[in-house]
Each structure stands twice: as structure tokens, then as C-alpha cells.
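Residues per chain, in single letters:
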Amino acid sequence: MAEKIICVVGPTACGKTTLGVLLAKRLGGEVVSADSMQIYRGMTIGTAAPTASEMDGVPHHMIAVADPEESWSAARYAQTAIPIVDDILRRGKRPILVGGTGLWLDAVVQGREFAGGAAGGQVRRELQARLEAEGIGPLLEELRQVDPAAAARLHPADEKRILRALEVYRETGETITAHNEKTRNLPPRYDAVWIGLRFADRADLRQLIDRRVDAMVEAGLLEEVRTLLDRGLPRDATALQAIGYKEFLGVLEGEITVDQAVAEVKLRSRQYAKRQLTWLRRNPDIHWIEWEKERDFGRALQLSTEILRTHGLG
RNA sequence: GGGGGAAUUCCAGAGCGGUCAAAUGGGGCAGACUGUAAAUCUGUUGUCACUGACUUCGGUGGUUCGAAUCCACCUUCCCCCA
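To keep things clear, this report deals only with the structure shown in the data block.

Each value, and the rule that gives it
Residues numbered from 1 in each chain as written. Chains lettered and ligands numbered in written order. Predicted model: local features only at pLDDT ≥ 70, side-chain atom pairs only at ≥ 80, totals over all residues. Heavy atoms only, no water. Pairing = 2+ DSSP bridges. Helix = DSSP H or I, 4+ residues; strand = E, 2+ residues; numbered from the N terminus. Near = heavy atom within 4 Å. Polar contact = N/O pair within 3.5 Å; in protein donor to acceptor, adjacent residues only side chain to side chain. Nonpolar A, V, L, I, M, F, W, Y, C, P; charged D, E, K, R; others polar. Contact = heavy atoms within 4.5 Å. Buried < 20%, exposed > 50% of the residue type's maximum accessible area, 1.4 Å probe, protein only. Expected span 1.5 Å × (residues − 1). Axes fitted to C-alpha atoms, helices over the stretch in contact; angles between N-to-C directions. Parallel < 35°, antiparallel > 145°, perpendicular 65-115°, else oblique. Left-handed = near helix turned anticlockwise from the far one by under 90°. Salt bridge = Lys/Arg side-chain N within 4 Å of Asp/Glu carboxyl O.

## Quick look at the sheet that holds strand β2 (residues 29–33)
Okay, so step 1: The 6 strands are arranged β3-β2-β4-β1-β5-β6 in an open sheet whose pairing can be described as parallel. The strands lining the two open edges of the sheet, one partner per strand, are β3 (60–61) and β6 (286–291).

## Topic: the protein's contact with RNA strand B
Okay, so step 1: Among the 43 residues in the neighbourhood of RNA strand B, the closest are listed as Ser 36, Arg 112, Arg 164, Arg 275 and Arg 282.
Okay, so step 2: Near-protein atoms of RNA strand B (within 4 Å) split between backbone and bases, with sugar and phosphate holding 58%.
Okay, so step 3: Within the contact set of RNA strand B, a base oxygen lies 2.6 Å away from a side-chain nitrogen or oxygen of Gln 110.
Okay, so step 4: In this structure, a phosphate oxygen belonging to RNA strand B sits 2.7 Å away from a side-chain N or O atom of Arg 161.
Okay, so step 5: For the surface near RNA strand B, the secondary structure elements donating two or more residues are α2 (44–47), α4 (74–90), α5 (102–109), α9 (159–172) and α14 (258–281).
Okay, so step 6: Grouping the amino acids of the surface near RNA strand B by side-chain chemistry returns 16 nonpolar, 12 polar and 15 charged.

## Details of the side chain of Asp 147
Okay, so step 1: Within the secondary structure layout, Asp 147 lies in the loop between α7 (136–146) and α8 (148–153).
Okay, so step 2: There is a polar contact of 2.8 Å between the side chain of Asp 147 and the side chain of Thr 177.
Okay, so step 3: Setting aside chain neighbours within four positions, we find Asp 147 in contact with Thr 175, Ile 176 and Thr 177.

## Here's the deal with unusual backbone geometry
Okay, so step 1: One non-glycine residue with positive phi stands out, namely Met 62, at about 65 degrees.
Okay, so step 2: Looking at the secondary structure, you find Met 62 in the loop between β3 and α4.
Okay, so step 3: Judged by relative accessible area, which is 3%, Met 62 ranks as buried.
Okay, so step 4: Even without glycine at this site, Lys 293 takes up a positive phi of about 65 degrees.
Okay, so step 5: As for its position among the elements, Lys 293 is in the loop between β6 and α15 (297–310).
Okay, so step 6: Owing to a relative accessible area of 54%, Lys 293 belongs among the exposed residues under this scheme.

## Here's the deal with α14
Okay, so step 1: Here α14 contains 24 residues, and its C-alpha end-to-end distance of 34 Å stays within 8% of the 34 Å for a straight helix at 1.5 Å per residue.
Okay, so step 2: Of the positions making up α14, those classed as buried are Ala 261, Val 262, Val 265, Lys 266, Ser 269, Ala 273, Gln 276, Leu 277 and Leu 280.
Okay, so step 3: Residues of α14 that are buried sit in contact with β1 (4–9), α11 (202–218), α13 (245–252) and β6.

## Quick word on the packing of helix α6 (residues 122–134) against α9
Okay, so step 1: Interhelical geometry of α6 versus α9 gives an angle of 135 degrees and a closest axis separation of 9 Å. The angle between α6 and α9 places the two elements in the oblique class. Read as a crossing pair, α6 and α9 show a hand that is right-handed. Between α6 and α9, the contacting residues are Val 123, Arg 124, Glu 126, Leu 127, Gln 128, Arg 130 and Leu 131 on the first element and Glu 159, Leu 163, Arg 164, Leu 166, Glu 167, Arg 170 and Glu 171 on the second.
Okay, so step 2: Each residue belonging to the contact of α6 with α9 can be placed in one class, and the counts come to 5 nonpolar, 1 polar and 8 charged.

## Things to note about the pairing of β1
Okay, so step 1: Burial runs high along β1: 5 of the 6 residues are buried.
Okay, so step 2: Sheet topology note: the β1/strand β5 (residues 191–199) ladder contains 6 bridges and is parallel. Opposite Cys 7, over in β5, you have Trp 194 as the bridge partner.

## Description of the pattern of salt bridges
Okay, so step 1: This model, assessed by the stated rule, comprises 23 salt bridges.
Okay, so step 2: Measuring nitrogen to oxygen at the nearest pair gives 3.7 Å for the salt bridge that ties Glu 113 to Arg 189. Pair noted here: Glu 113 is in the loop between α5 and α6 and Arg 189 is in the loop between α10 (176–184) and β5, with a separation of 76 residues, a long-range link.
Okay, so step 3: Here Arg 161 makes a salt bridge to Asp 158, at a shortest N to O gap of 2.9 Å.

## Digging into the side chain of Thr 175
Okay, so step 1: Residue position: Thr 175 is located in the loop between α9 and α10.
Okay, so step 2: Ignoring anything within four residues of it in the chain, the contact list for Thr 175 reads Val 146, Asp 147, Val 168 and Tyr 169.

## Examining the packing of α13 against α14
Packed helices, taken two at a time, are described by the angle their axes make and the gap between the axes.
Okay, so step 1: Following both chains from N to C, one finds α13 and α14 inclined at 170 degrees, their axes separated by 9 Å at the closest point. When the axis of α13 is compared with that of α14, the two are roughly antiparallel. Judged by the sense of rotation from one axis to the other, the crossing of α13 with α14 is right-handed. Contacts between α13 and α14 involve Glu 247, Phe 248 and Val 251 on the former and, on the latter, Val 258, Ala 261, Val 262, Glu 264, Val 265 and Arg 268.

Below you can see the structure in the form of C-alpha cells.
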């Protein structure tokens, strides 16, 4: 029987961090972050990573544990986070996964494994070079030869996944389609109770995002980005894909003004929130707590407690 | 005061007599997604009784078989001269 863990999910700025801490305190739990950007060090302001006071004494894992120059993936995250979750359980505490990166959450909770190969690998670089030289056509044709199902499923414009599919075959001798079929129905690694936070009206989320972005800028987002660059972080680092960072990079390089960057960050953030919601919507196990206008954490904690109780927790 | 230019679907911006409900981009909405996922990719975006019909391209009137596209006047905006 898989062990019980809690997952707190939702779009950016919906209050996951706060609820996670409240639940941890009530249940004697520890937070394991599932955030693809908070994982990097030196990116606290722009990723809205919890501060020491926000953590309120609750142990947090997987936040600021990676060098921004490193390129973390969902697979690497899972490899690192799963042992941590297990350790928390072994110590008789409750793991609480808190995060907005849907794939990363699923990578821990589900029993699936990622196929071989990786972004920085030799095979991938070869494929990338071929893509640049020949275009996607020949690569898609090659995929059609070895894995017709994947070739049919993937949109011809989806270069990233076409490359990945070829890479898996080259690296492992097994097609990604076969790998997926093999692992898709494995039992979940944990018995997760999913709690989702969202606003009943998206306009309220937007307002909150706007305010938060303004606060980030006031808190020194520009300086944070400058510091990262001063330490030699290359412009193409995965960490700099983070919303807020890439835009303010543009400010430092004199391409756009601060006002333009702020507007851009707000826009990208709400688009991101939308994508997060799309990902989460297909998870039927999520128990949604809806905010009306303002976030009421007292009520959310109460509702969460009831949800957890029905799942034998609390 | 005189001369010139422009007004297009949520925004920007094509279109310059029929093949235009109107290119393209942005935004919105919806979706996908398993080793870059805060990334990447897709669909859709006037209305409806939706393989067809109806109402649109600043306003009014006109030319024409037919107009977003031509003409007149009006309104607004921009530029130049004064």
C-alpha cells in the first residue's frame, strides 16, 4: 500500500505556499517544493520563493538547492525528491508537496519513470544540429520509420518532442511510445491527497498577480537578475527561462524599459497561470478550494482539514 | 487660414471593385504535454437555426450587376505650410 502524502497545487499566486505551511504545522509535516524555478539559488524574489519567516519553522525541501547554471529536469527532480519524501515518511512526518510545476508533481507521485537520454547529451546535440541544418522534415520522417505511432501523434511543428522521441529510441533502442505504454499504468508511487487552490473568478487572480509583480520589482527583482549575471550565469541558462528573469534581463541589456518589462511579466504570468490550470484540470483527484475575491486561509485550512480527514489524514 | 494623409473585426495592421467575415501578428478562449515544463506545441476567435444564412470595415448619401475597396459631403485624428 502506497504511503499517503499531500499535494497542494494551483496556479501561480494562489496561495500554495501559505496553505502548505499551515497544513504542515497542523499535521507535523514537511514541505517538499515542486517548483521548477524555486529550485535554483539566488532567485527568491522573482520566483516568490518562501522566506524564512514565511516558512515559519516548517522544514522546506527542494528550494534553492541548485546552482542556477545547472539545468534541472523533471526526471532529475524526481530522482532527488523521492528519497526526500521517503525519508520524511520514515521519520513519521507527513510530506506535503507544494508546487506549480505539474509535470514535476506527477513525476514524483506517479509510478512512471522517464525514458533515457537527456537534454545536454551527445545524441540530443546531434539531433539539434541536424534540425538546424535540415529542418524538421527528415527527422520526422526518420521517426516515422522507427516509431510511427509517435510520428502520427506529434504535431509536425512540435520539434522538441520529435527530437526527444528520436533521442529515446537512439539512446535506449526502445521507442518512446513503447516506453510510455509500459510505464503509463504502473501504480502510483504514493497515495496522494490533492488539494487545489484557485479563484472562482480569474480576474481576481489577475489582480493578485499584478500586485505581486509590482511587489517583486519593489523588492529588487532587477538587482536579483543583475546579481545572477554578475556571477557569470549564461543567458541561455534554464533558470533564466523563468518569467520575470528573462524580461528583466532585457531591461539590463537596454532592450526594454522597466515599465515594459513589468507589463510583460504580468502578461506572461497570467498566461502561465492559465496553462497551469489547463494541466491541473485533467487531474480528477484534485479537491478544489475556490477563493471568492480574497484569499481566506482560515477557511482554506478548515476545508483542507476536512478533505484530509475523509482520506484518513488529520 | 492653406495643403496633404488617415479612419478596418478586442489591439496593431494588411486589403484598394467581385475569389472578403476580411491576410498577418498580438491578446483572449480552449487544448496538448513524461529528462529545458515559469519551457514547448496545437486549435479557435462577428452572429446564428453554422457544408448555409445574416450583420460588419468612422457616418450619411451616391456610382455599379456587385464596394472595406470608387465619388460627394460630414465627423474625428495626424502631418506640413501659415
